[in-house]
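Chain by chain, the residues:
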Amino acid sequence: MSLKIKKWISNLPDYTPGKSIEEIKNKYGLKNVYKLASNENLYGLPEGLTEKICEEIRNIYYYPDADCSQIREKLGKVYGIPVGKIIIGSGSDQVIEMICDSFIGSGDNVVIADPTFPIYEKAALKCGGSTIKVPLVDFRHDIKGLLAAVDKNTRIMFLTNPHNPAGTNITKEEFKYVLDKLPEDILLVMDEAYYEYAMPDERIDTTEYIAGRDNLMVLRTFSKIFCLAGLRIGYGIGSVEAIRALNKVRLPFNVSSIAQKAALYSLQYQDFAVKIRESIHKQKQIYYNVLEKNGIGFIRSYANFILIKVGIDSSQITEELLKEGFIIRPGENLGFPGYIRVTVSTDEVSAKFLEVFTRIYKDCNK
Ligand SMILES: *Cc1c(COP(=O)(O)O)cnc(C)c1O
């Protein structure tokens, strides 16, 4: 007799984790393996932060602060926003999950782009909801299409800016248009995991709109430019009403004490973040130049990764790159067959990657 697992959970696909560095080292007998698959900040932690985090280990016999008060107060000051409008998650992934837990039930839907970050769909389906998917147009959100897709059962629209996996942006005009046209009882989630990677003149300060709009929620994370992916901490900023709902479903100790402290400290390293952003920006130009010179297509990116057109089946190129020690994401898995997504990291790794990639590209496209 089989167990009575919820029907919509049984229908979910099994989770398949990505390949680890160790796995690839062993499989191909490599000394150096570069993971350019999950858009982590490969520069590593800024000077001094590791020591500060290690200090916190002494206190782990206590449960963490259930309210995440220090980091919320700090973020409140940074953004000029009351702490009651801020929620901390074990990664912004968890905030997405809490949003769906609070807003989505059987029969409800979320409107999302196609392709997009897979967690929105997973979080919605897990609650018995469904998705309405609106294809990207020229690798960008189809703003009018997304709005037109909203129906009477829509509870949330998730937008990603910069978009993952395409790397494209949403303009301020587009954002204001959505905010203007979306019914006020539907939550607009702006997932801005790569916000800090966009140059200042390319960003929209969406947090400025929080005060005036109860149906806006902005998500940011410490995983990307702030280097804390392994600790799991991200946050949401929204209306008091929405945050209160999320807090009801949030588990009390959802964010570890180390993650809370590390995030707090990491905000002292704004210069580091600026340096990383500028370096990534420069390297993206190098990528574009090399790719253009070799007649290889790509999508200009506002984040720390680039979608590159490989023409042929991207799993073949992915396999060839693995043999040379580069783990990247084949577009087949991301909704972009014929493309690969590569994290832009340090100068040294970028140069190595571009050399190996252009060689393999030519061999595969002979
Ligand atoms: C990485 C990422 C996140 C969240 O990462 P967390 O580590 O859970 O904070 C959210 N959205 C997008 C689009 C991402 O790429």
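Our structure is the block above this text.
Everything in this summary refers to the structure shown in the same document. In this text the structure is predicted, and so the values were computed from the model without any measurement. (Residues numbered from 1 in each chain as written. Predicted model: local features only at pLDDT ≥ 70, side-chain atom pairs only at ≥ 80, totals over all residues. Heavy atoms only, no water.)

Observations regarding the environment of glutamate 332
Here glutamate 332 shows up in the loop between β12 (329–330) and β13 (339–343). Considering only alpha carbons, one finds glutamate 332 and tyrosine 287, 45 residues apart in sequence, at a separation of 22 Å. What glutamate 332 contacts, discounting residues up to four positions off in sequence, is Asp313, Ser314, Ser315, Pro337 and Gly338. (Helix = DSSP H or I, 4+ residues; strand = E, 2+ residues; numbered from the N terminus. Contact = heavy atoms within 4.5 Å.)

Examining the packing of helix α5 (residues 92–103) against helix α9 (residues 240–249)
Each pair of packed helices gets described by two things: the angle between the helix axes and the distance between those axes. Contact geometry of α5 with α9 gives a least axis separation of 9 Å together with a crossing angle of 100°. Relative to α9, the element α5 is oriented roughly perpendicular. In this structure, α5 contributes Val95, Met98, Ile99, Asp101, Ser102 and Phe103 to the contact, and α9 contributes Ala242, Ala245, Leu246 and Val249. Across the contact of α5 with α9, the residue classes break down as 8 nonpolar, 1 polar and 1 charged. (Axes fitted to C-alpha atoms, helices over the stretch in contact; angles between N-to-C directions. Parallel < 35°, antiparallel > 145°, perpendicular 65-115°, else oblique. Nonpolar A, V, L, I, M, F, W, Y, C, P; charged D, E, K, R; others polar.)

Structural notes on the site of the ligand
Around the ligand sit 13 residues in total, of which Ser92, Asp191, Thr221, Ser223 and Lys224 are the nearest. Between an oxygen atom of the ligand and a main-chain N or O atom of aspartate 93, the distance comes to 2.9 Å. Between the ligand and tyrosine 194 there is a distance of 2.7 Å, counted from an oxygen atom to a side-chain nitrogen or oxygen. Look at the ligand: alone it shows 380 Å² of surface, and the protein chains cover 94% of it. Classifying every residue of the shell around the ligand gives 3 nonpolar, 6 polar and 4 charged. (Near = heavy atom within 4 Å. Polar contact = N/O pair within 3.5 Å; in protein donor to acceptor, adjacent residues only side chain to side chain. Areas by Shrake-Rupley, 256 points an atom, 1.4 Å probe, with all protein chains shown as cover.)

Description of a negative patch on the surface
A surface patch of like charges, here negative, comprises Glu184, Asp185, Asp214 and Glu241. One can find aspartate 214 in the loop between β6 (187–191) and β7 (216–221). (Patch = residues over 30% accessible without salt bridge, like charges linked within 9 Å, V, L, I, M, F, W, Y side chains within 5 Å. Salt bridge = Lys/Arg side-chain N within 4 Å of Asp/Glu carboxyl O. Lys, Arg positive; Asp, Glu negative; His and termini not counted. Charge placed at Lys NZ, Arg CZ, Asp CG, Glu CD.)

Observations concerning the side chain of serine 301
Of note, serine 301 is situated in the loop between β9 (298–299) and β10 (305–309). Taking relative accessible area as the criterion, serine 301 reaches 8% and is therefore assigned buried. The residues touching serine 301, leaving out its near neighbours within four places in the chain, are Gly167, Lys284, Tyr288 and Ile306. (Buried < 20%, exposed > 50% of the residue type's maximum accessible area, 1.4 Å probe, protein only.)

Regarding unusual backbone geometry
Backbone torsion omega between aspartate 114 and proline 115 reads -5°, so that peptide bond is classified as cis. With respect to the secondary-structure elements, proline 115 resides in the loop between β3 (109–114) and α6 (119–126). Along the chain, asparagine 161 connects to proline 162 via a cis peptide bond; the corresponding omega equals -5°. Positionally, proline 162 belongs in the loop between β5 (154–160) and α8 (172–181). Unusually for a residue other than glycine, phenylalanine 139 sits at a positive phi of about 70°. The topology assignment puts phenylalanine 139 in the loop between β4 (130–135) and α7 (143–149).

Notes on the packing of helix α11 (residues 270–293) against helix α13 (residues 347–364)
Relative orientation of the contacting elements α11 and α13 amounts to 15°, with a least axis distance of 11 Å. As far as their axial angle goes, α13 and α11 are roughly parallel. Every pair of crossing elements has a handedness; the one defined by α11 and α13 is right-handed. The residues of α13 that touch α11, namely those facing Ser279, Gln283, Ile286, Tyr287, Val290 and Leu291, are Asp347, Ser350, Phe353, Leu354, Phe357 and Thr358. (Left-handed = near helix turned anticlockwise from the far one by under 90°.)

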